Amino acid sequence: MSDRYQALVRTPVGQLVAKNLGLPNPPPLVRYTPGQPLVDGTVLVGGVPGGRLVDVVPGLLGDLGVQASGEGDQRHRGLVFDATGITTAEHLVELQRFFSPVVRSLAGNGRVLVLGSPPELAEDGERVAQRALEGFTRSLGKEVGRGSTVQLVQVAPGAEQAITSTLAFFLSAKSAYVSGQVVRLGGNSLTDVPEPADWQRPLDGTVALVTGAARGIGESIARTLHRDGATVVGLDVPQVAGDLKALTDELGGQAINLDITGKDASQRIAARLRDEYGGVDVVVHNAGITRDRRLANMDTDRFASVLAVNLVAPQRITEHLLGADVLRPGGRVVGVASIAGIAGNTGQTNYATSKAGVIGLVQALAGPAGEHKVTVNAVAPGFIETQMTATVPLAVREAGRRMNSLRQGGLPVDVAETVAWFAHPGSSAVTGNVVRVCGQSLLGA
């Protein structure tokens, strides 16, 4: 779906009108294409004395082929600050001392990462300081402009060497529509990170199940996981069997046509994966429906059907795949939530309930799944340009597009790239996270 306003405001006349009237001016976003450098430019790394990561990060960047730079360079594609050494509230001024002189050197579509510690693992004074980092990064994300993004990555002690895939994602164009997020690494037993043989195809040799794969976001997820080397098994309802078969044939995978709410759906899926592939490595619960109506006008079937597809089925399927040992050790489970499940939405009590439940599912399963050496995470998309959002009334659609720090809607590939980061073998320390893919929407936390 095209964004006509964005196209107009990029013309010389549109630029002038937007500037004079104070209208939103969406910056062009650079997204990843295979073969391009992971980071097109240098990354400035800084930190405070006593930080656990300031001496580690340059070496990890070097492993990725990314050049760490000194403060004398004129422009930087990324700024990384190790704040793990900030242990008191007074020390928070070190954020200003580092960023104020260099933030103007950040190139357009630049990336800022603040590396901290999980507050709950810190002592009292340090806990205060580390929690304060969240306010800093969210605010800076609304200041940097020009398509740049800001994230806070909380690295638990012992996970210092497990951050490479996360650095690669958040410093690259793959995270174009992710900003203002807080991500936690470690605090689990999965910090032994296997090194992929090929960083361009990290999922070589793996099998990925993607539900709702025939169209939209699901199709983009399937294509992105295939790009990264996975054999993709696409699943969707029989009504779109033709679209699904065309996609899986193109990707060299297989199609499963069934309704995931069926009583024996979990057993049928598990049997197919076991018989055809000996198991599965990545499970993406993307299938979802909406049945919008204000609660006063909503019947039980409309409410229950959304819960059944969006929440009950993913829970049943995941628990069965884990219990039957079909989901292999080192596996990944990724749910698709929504900012509606965080902020709520008029006319979507059923949908928001189901998507908040997906967040609860992540929190409930991350610990038990870790015993199987499996991670559980979720993406929470905001306004993504799809056939579904194309039917939204114009005023609501424009509000969804503009009410974020990037002043535009995202694309299905933005969700897919985030899923691919969760699925990466180097993301074994990334579990229990819900990452919003919303351009730092002004709605929700």
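Here is what the cut-offs are and how they apply
- Each chain carries its own residue numbering, running from 1 in the direction its sequence is written.
- The model is predicted, so local features are restricted to residues of pLDDT at least 70 and side-chain atom pairs to those at 80 or more, both for listing and for counting; the totals for chains, interfaces and linings are taken over all residues.
- Excluding hydrogens and water, the side-chain figures rest on all heavy atoms present in the structure.
- Classification of residues uses two cut-offs on accessible area relative to the type maximum, computed with a 1.4 Å probe and protein chains only: under 20% is buried, over 50% is exposed, and between them is partly exposed.
- Strands are runs of DSSP state E lasting at least two residues, helices are runs of H or I lasting at least four, and both sets are numbered from the N terminus onward.
- Paired strands, as defined in this entry, are two strands with at least two bridges between them according to DSSP.
- By convention a crossover is right-handed if, when the strands point away from the viewer, the path from the first strand over the helix to the second runs clockwise.
- Angles run from 0 to 180 degrees between N-to-C directions of axes, and those axes are lines fitted to C-alpha atoms, restricted for helices to the stretch in contact.
- In what follows, residue pairs with any heavy atoms lying within 4.5 Å of each other are defined as contacts.
- Two aromatic rings from Phe, Tyr or Trp, using only the six-membered ring of Trp, form a pair when their centres are within 6.5 Å; if the ring planes differ by under 30 degrees the pair is stacked, by over 60 it is edge-to-face, and anything between is tilted.
- Only lysine NZ and arginine CZ atoms are considered, and such an atom sits over a ring when it is within 6 Å of the ring centre and within 35 degrees of the ring normal.
- By definition in this entry, angles of less than 35 degrees are roughly parallel, angles greater than 145 are roughly antiparallel, angles of 65 to 115 are roughly perpendicular, and the rest are oblique.
- Crossings are assigned a handedness: left-handed for a near helix turned anticlockwise from the far helix by less than a right angle, right-handed for a clockwise turn.
- Patch criteria: residues need more than 30% relative accessible area and no salt bridge. Like-charged residues are merged within 9 Å; nonpolar side chains of Val, Leu, Ile, Met, Phe, Trp and Tyr are merged within 5 Å.
- Each accessible area is a Shrake-Rupley estimate made with a 1.4 Å probe; only the visible protein chains count as cover when residues are assessed.
- Salt bridges are counted wherever a side-chain nitrogen of Lys or Arg sits within 4 Å of a carboxyl oxygen of Asp or Glu.

Peer 1: Describe the pairing of strand β7 (residues 207-211), naming the residues involved and giving the relevant values.
Peer 2: Most of β7 is tucked away: five of the five residues are buried. Taking every second residue as pointing to the same face, both faces of β7 are buried, with V207, L209 and T211 on one and A208 and V210 on the other. Sheet topology places β7 next to strand β8 (residues 231-236); five bridges connect them, and they run parallel. When the sheet's bridge partners are listed, V207 is paired in β8 with T231. Where the polypeptide runs from β7 across helix α7 (residues 216-227) and back to β8, its parallel neighbour, the crossover connection is right-handed. Examined bridge by bridge, β7 and strand β10 (residues 280-285) share three bridges and lie parallel to one another. Residue A208 lies in a different strand from β10, and its bridge partner there is V282.

Peer 1: Explain the sheet that holds strand β12 (residues 375-381) residue by residue, including any values.
Peer 2: Across the sheet, seven strands lie side by side as β9-β8-β7-β10-β11-β12-β13; this open sheet has parallel pairing. On the outer flanks of this sheet lie β9 (254-257) and β13 (434-437), each paired with one strand and no other. The sheet shows a mean angle of 20° between the axes of neighbouring strands, direction not considered. Of the strands in this sheet, β8 and β9 touch helix α8 (residues 241-251), which is tilted by about 160° from β9.

Peer 1: Before we move on, can you summarise the packing of aromatic side chains with the specific residues and values?
Peer 2: As enumerated under the stated definition, the model contains eight aromatic pairs in all. Seen in terms of ring centroids, F170 and W421 are 5.1 Å apart; in terms of plane orientation they differ by 65°. Their pairing is edge-to-face. Taken together, the positions of F170 in helix α6 (residues 164-171) and W421 in helix α15 (residues 412-423) put the pair 251 residues apart, joining distant regions of the chain. W421 gets classed as buried once you look at its relative accessible area, which sits at 3%. Taken together through their ring pairs, the aromatic side chains of F81, F98, F99 and F136 make up a single cluster. Its end group placed over the ring of Y32, K174 keeps NZ or CZ at 4.7 Å from the ring centre.

Peer 1: Give me the packing of α6 against α15: which residues, what numbers.
Peer 2: Running from amino to carboxyl end, α6 crosses α15 at an angle of 170°, the nearest separation of the two axes being 10 Å. Considering the angle they form, α6 stands roughly antiparallel to α15. Read as a crossing pair, α6 and α15 show a hand that is right-handed. Contact residues: α6 offers S165, T166, F169 and F170, while α15 offers E417, T418 and W421.

Peer 1: Which residues make up the pairing of strand β4 (residues 106-116), and what are the values?
Peer 2: In terms of burial, β4 is a largely internal element, ten of the eleven residues being buried. Two strands pair when backbone bridges link them, and strand β3 (residues 76-82) and β4 are joined in this way by six bridges, in the parallel orientation. Bridge pairing in β4 links L79 to V112. Viewed along the sheet, the connection from β3 through helix α4 (residues 93-102) into β4 turns out right-handed. Looking at chain direction, β4 and strand β5 (residues 149-155) are connected through six bridges and run parallel. In the strand pairing of β5, G116 is matched with Q154. Read as a crossover between parallel neighbours, the route from β4 over helix α5 (residues 124-141) to β5 is right-handed.

Peer 1: Tell me about a nonpolar patch on the surface, residues and numbers included.
Peer 2: Taken together, V13, V17, L21 and L23 make up a surface patch of nonpolar side chains, about 370 Å² in accessible area. Positionally, V17 belongs in helix α2 (residues 12-21). Classification of V17 as partly exposed rests on a relative accessible area of 39%.

Peer 1: Outline the pattern of salt bridges, listing residues and values.
Peer 2: Under the defined criterion, the tally for this structure stands at 19 salt bridges. Across the pair R97 and E94 runs a salt bridge whose closest N-O atoms are separated by 2.8 Å. Of the two residues, R97 and E94 both sit in helix α4, three residues apart, roughly one turn of that helix. Through salt bridges with shared partners, one network takes in D3, E385, E398, R401 and R402.

Peer 1: An account of unusual backbone geometry is needed here, citing residue identities and associated values.
Peer 2: For D325, which is not glycine, the phi torsion reads 60° and is therefore positive. Along the chain, the position of D325 falls in the loop between α10 (300-323) and β11 (327-336). Overall, the relative accessible area of 58% leaves D325 in the exposed class. Despite not being glycine, R407 shows a phi value in the positive range, around 60°. Judged by relative accessible area, R407 falls into the partly exposed class, the value being 31%.

Peer 1: How would you summarise α6 if you had to cite specific residues and measurements?
Peer 2: It helps to recall that an α-helix has 3.6 residues per turn; residues three or four apart then point in one direction. Among the eight residues that make up α6, eight are buried, leaving the element largely enclosed by the rest of the structure. Taken together, the buried positions of α6 are T164, S165, T166, L167, A168, F169, F170 and L171.

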